[in-house]
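Listed below, chain by chain, are the residues.
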Amino acid sequence: MQHIVKYENLQELVPELLQVLQESIQDDLLEIRRINRLAEKFEAVLERFPELQDATYVIYSKYVRKCDHEHETFVFVTEQGSPITYIHGRDLTLHGIIKPCEEFAITEEYVYSHTS
């Protein structure tokens, strides 16, 4: 079976991302999203978790159902991919504070494999 890489430029954009996280994102096991700092909810989240001030992305499992996120741990990383903190899903919901990462280029092979 051929390995299909999801993002062409993940390594370039987040070069400090831990290899295990990078591979899991590329294998489509984990998802990476950008933190939406303009969201109303983000101010309240930042008050509760001031360490998120330097976070740009969050990594989480795309296969955990929303109702089960309380059993998950979210990984927050800097713009370069360095880990900042891990926050348990029972302490924080991502709904309303994340948005898609438009800066990551999805490979043609990935698109093709999900449309056929």
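Everything discussed here concerns the structure shown above.
Residues numbered from 1 in each chain as written. Predicted model: local features only at pLDDT ≥ 70, side-chain atom pairs only at ≥ 80, totals over all residues. Heavy atoms only, no water.

### Focus: the overall build of the protein chain
The condition is simple: In this description a helix means any DSSP run of H or I spanning at least four residues, a strand means any run of E spanning at least two, and both kinds are numbered starting from the N terminus. As a reference, a globule follows 2.2 Å times the number of residues to the power 0.38, and the radius of gyration itself is taken over C-alpha atoms. Between buried and exposed lies partly exposed: a residue is buried under 20% and exposed over 50% of the maximum accessible area for its type, with that area taken using a 1.4 Å probe on protein chains only. Contacts: residue pairs with any heavy atoms within 4.5 Å of one another. For accessible areas, the Shrake-Rupley method is used with a probe of radius 1.4 Å. Any residue's cover is judged against the shown protein chains and nothing else.
Scanning the protein chain from N- to C-terminus turns up four helices and five strands. In sequence order, the secondary structure elements of the protein chain are arranged as α-α-β-α-β-β-β-β-α. Since a compact globule built from 116 residues should have a radius of gyration of about 13 Å, the 14 Å found for the protein chain is in line with a globular shape. With the C-alpha coordinates of the protein chain rotated into their principal frame, the extents come out at 45 × 30 × 25 Å. In the protein chain, buried positions account for 41% of the 116 residues. At a minimum sequence separation of 6, the contacts of the protein chain that also span at least 24 residues come to 58%. When the accessible area of the protein chain is evaluated, it comes to approximately 7200 Å², of which 51% is carbon and sulfur surface.

### Observations concerning the pattern of salt bridges
Rules: Only one rule defines a salt bridge in this text: a Lys or Arg side-chain nitrogen within 4 Å of an Asp or Glu carboxyl oxygen.
In total, this model carries seven salt bridges according to the counting rule given. Note that Lys6 is salt-bridged to Asp28, the shortest N-O span being 3.0 Å. In this pair, Lys6 sits in the segment before helix 1 (10–13) while Asp28 sits in the loop between helix 2 (19–26) and strand 1 (30–35), placing the two residues 22 residues apart along the sequence. Judged by relative accessible area, which is 7%, Asp28 ranks as buried. Among the salt bridges present, the one from Asp68 reaches Arg65, with a minimum N-O distance of 2.8 Å. Looking at Asp68, the relative accessible area reads 25%, which means it is partly exposed. Three or more residues are tied together by salt bridges with common partners; here these are Lys6, Asp28, Glu31, Arg33 and Lys62.

### A look at the packing of aromatic side chains
When we look at a pair of aromatic rings, we describe it by the centre distance and by the angle of the planes. We apply this condition: Here a Phe, Tyr or Trp ring, Trp counted by its six-membered ring, pairs with any other such ring whose centre lies within 6.5 Å, and the pair is stacked when the planes are under 30 degrees apart, edge-to-face when over 60, and tilted otherwise.
Following the criterion strictly, the structure yields two aromatic pairs and no others. When the ring of Tyr7 is compared with that of Phe104, the centres are 5.2 Å apart and the planes differ by 45°; the resulting orientation is tilted. Of the two residues, Tyr7 sits in the segment before helix 1 while Phe104 sits in the loop between strand 5 (98–99) and helix 4 (108–113), which places them 97 residues apart along the sequence. Each member of the pair Tyr7 and Phe104 is classed as buried. Here the aromatic rings of Tyr57 and Phe104 are separated by 5.6 Å at their centres, their planes lie at 35°, and the arrangement is tilted. Of this pair, Tyr57 sits in strand 2 (residues 57–61) while Phe104 is found in the loop between strand 5 and helix 4, placing the two residues 47 residues apart along the sequence.

### Overview of the pairing of strand 4 (residues 83–88)
The following threshold applies: For two strands to pair, DSSP has to find at least two bridges joining them.
Sheet analysis places strand 3 (residues 73–77) next to strand 4, joined by five bridges and oriented antiparallel. Bridging across to strand 4, Phe76 finds its partner in Thr85. Taken together, strand 3 and the strand that follows it, strand 4, pair antiparallel across an intervening segment of five residues, in which Gly81 is found at a positive phi of about 105°.

### With respect to a nonpolar patch on the surface
Rules: Patches draw on residues past 30% relative accessible area with no salt bridge. Two like charges within 9 Å are joined, as are two nonpolar side chains (Val, Leu, Ile, Met, Phe, Trp, Tyr) within 5 Å.
Taken together, the side chains of Leu18, Val20 and Tyr86 make up a nonpolar region of the molecular surface, amounting to roughly 300 Å² of accessible area. Looking at the element boundaries, Leu18 is found in the loop between helix 1 and helix 2. Residue Leu18 is classed as partly exposed on the basis of its relative accessible area, which comes to 38%.

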